[in-house]
Amino acid sequence: MAEKILVTGGAGYIGSHCVLELVEAGYVPVVIDNFHNAIQGADALPESLRRVQQIVRQPILFQELDITDEAALQELFSKHHFSAVMHFAGLKAVGESVQKPLEYYRVNLTGTIRLLETMKTHGVRNIVFSSSATVYGDPKYLPLDENHPVGGCTNPYGKSKYFIEEMIRDLCKAERDWNAVLLRYFNPIGAHESGMIGEDPQGIPNNLMPYVAQVAVGRREFLNVFGNDYTTDDGTGVRDYIHVVDLAKGHIAALKKLKENCGCKIYNLGTGTGYSVLQMVQAMEKASGREIKYKITGRREGDVASCYANPALAERELGWKAAFGLDKMCEDLWRWQLQNPTGF
């Protein structure tokens with residue numbers, strides 16, 4: 001009997017790619033999402049999951065549900081027998097979190113507490129959590145490994161990820177039958193190679209590459225480059241970009257790790273290579289064959305000069321390694337953007 005995995009926030013960018021990989025790996029994903037960052041498609045399904053169904057040629061189980069709704073969570077867990085939870089649901093815009101800290105803490109922290117309490121009530125003790133490299137704050141050294149100090153976060157979004165990590169760690173310490181894998185993502189980009197699912201930010205994109213792609217496709221006039229006076233090769237910020245499909249495969253590896261009764265484990269998911277903003281612009285120009293106009297503006301508050309991963313621990317302990325390079329990331333992103341110029 002195939003294992004059922006609850007996927008919270010599974011209609012979003014990373015969640016939908018993980019749902020696809022779960023099906024391909026022989027699991028049965030059950031997805032919950034509240035449509036905060038997802039578009040409604042036909043049959044009350046999110047459009048992203050309707051397309052995942054087309055790719056995998058089988059139905060995806062979905063329920064509209066908010067993780068802060070405790071009664072609805074209890075009912076869901078009474079209906080299904082889950083072997084593990086993949087937890088993506090949460091608010092995720094850095095800038096917005098600075099403006100609306102209470103909302104970020106209410107949704108991200110309260111929602112996670114309700115989820116963990118419901119899991120505990122129903123005897124589900126395995127979780128993969130979608131964390132972030134933002135927990136490292138301003139890097140003390142590079143590349144960032146999992147021993148780097150955490151908690152010096154520069155915004156409420158990053159703090160909420162850090163607090164959730166601490167909650168899960170404390171829970172695993174207090175109750176030895178819990179197993180958790182906390183995955184610290186670097187910068188996911190790209191799309192499924194079919195071009196049918198990808199990143200579809202609502203409103204103005206907060207992240208670099210969706211914005212670059214929208215400039216390339218003609219949706220936006222130019223890119224603002226925030227600062228060119230950092231101590232990097234070309235003065236623009238350097239980040240570790242990872243293909244979203246590589247990231248999704250990392251979650252499948254994490255699920256297998258839970259089977260070892262691993263306690264609480266933490267892994268970086270990145271490539272170990274940093275690229276500057278201008279290098280990313282050039283790579284997207286190459287993939288699209290189009291000029292991408294940009295303007296240099298002042299630095300953005302909370303941005304660091306460079307941030308890239310040491311992914312050696314994930315390679316060693318999860319048997320996972322990023323397979324796709326920058327060209328593939330940009331080609332797949334461009335295919336998605338070209339096929340879906342206005343998103344889903």
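Only a predicted model underlies this, so the values are computations on that prediction, with no experimental measurement involved. For every chain, the first residue of the written sequence is number 1, and numbering continues from 1 onward in sequence order. With pLDDT at 70 or above as the cut-off, local features in this predicted model cover only qualifying residues; side-chain atom pairs require 80 or more to be listed or tallied, and sums for whole chains, interfaces and linings still use all residues. Hydrogens and water molecules were not included; the side-chain quantities draw on all heavy atoms of the structure.

Student: Looking at this model, I keep getting lost on helix 1 (residues 13-24). Mind explaining?
Tutor: Residue pairs spaced three or four apart in an α-helix point in one direction, given the helix's 3.6 residues per turn. A helix here means a DSSP run of H or I that spans at least four residues, while a strand means a run of E at least two residues long, and both kinds are numbered starting from the N terminus. Multiplying 1.5 Å by the helix residue count minus one yields the expected span of that helix. Taking 1.5 Å of rise per residue, the 12 residues of helix 1 would be expected to cover 16 Å, and the 17 Å separating its terminal C-alpha atoms lies within 8% of that figure. Residue exposure (1.4 Å probe, protein chains only): buried if accessible area is under 20% of the type maximum, exposed if over 50%, otherwise partly exposed. Of all 12 residues that make up helix 1, 11 are buried, and the element is covered over most of its length. All buried positions along helix 1 are accounted for by Tyr13, Ile14, Gly15, Ser16, His17, Cys18, Val19, Leu20, Glu21, Leu22 and Val23. Looking one or two residues beyond helix 1, the residue adopting positive phi is Gly26, at roughly 95 degrees.

Student: I keep staring at the environment of Val19 and nothing clicks. Help me out?
Tutor: Tracing the backbone shows Val19 in helix 1. When its relative accessible area of 0% is taken as the criterion, Val19 is described as buried.

Student: What is the right way to read the environment of Ala314 from this model?
Tutor: Tracing the sequence through the fold places Ala314 in helix 10 (residues 312-318). In this analysis, two residues are considered to be in contact whenever any of their non-hydrogen atoms come within 4.5 Å of each other. Ignoring sequence-local partners within four residues, the contact set of Ala314 consists of Tyr267, Asn268, Leu269, Gly319 and Trp320.

Student: Explain the sheet that holds strand 11 (residues 264-269) to me, please; I cannot follow it from the model alone.
Tutor: Pairing between the strands of a sheet is mediated by backbone hydrogen bonds and can be parallel or antiparallel. Pairing between two strands is assigned when DSSP locates at least 2 bridges connecting them. The 7 strands are arranged 3-2-1-4-5-6-11 in an open sheet whose pairing can be described as parallel. Pairing within the sheet leaves two strands with one partner each, and these edge strands are strand 3 (61-64) and strand 11. Going across the sheet, the axis of each strand differs from the next one's by a mean of 20 degrees, ignoring polarity. Pairing between strand 4 (residues 82-87) and strand 5 (residues 126-132): 3 bridges, direction parallel. Across the sheet, His87 pairs through a bridge with Phe129, a residue of strand 5. Axes here mean lines fitted to C-alpha atoms, for a helix over just the part in contact, with angles spanning 0 to 180 degrees between N-to-C directions. Here helix 3 (residues 70-79) sits on the sheet and contacts strand 1 (4-8), strand 2 (28-33), strand 3 and strand 4; the angle it forms with strand 4, its principal contact strand, is near 140 degrees.

Student: What is the right way to read the pairing of strand 2 from this model?
Tutor: Taken residue by residue, a regular strand's side chains alternate between the two faces of the sheet. For strand 2, a buried count of 5 out of 6 residues is recorded, marking the element as mostly surrounded by other parts of the structure. Alignment of strand 1 against strand 2, held across 5 bridges, turns out to be parallel. Of the residues in strand 2, the one forming a bridge with Ile5 is Pro29. Considered for its hand, the β-α-β crossover made up of strand 1, helix 1 and strand 2 is right-handed. Two elements, strand 2 and strand 3, share 4 bridges in a ladder whose sense is parallel. Bridging across to strand 3, Asp33 finds its partner in Glu64. Seen with its strands pointing away from the viewer, a crossover is right-handed if its path from the first strand over the helix to the second goes clockwise.

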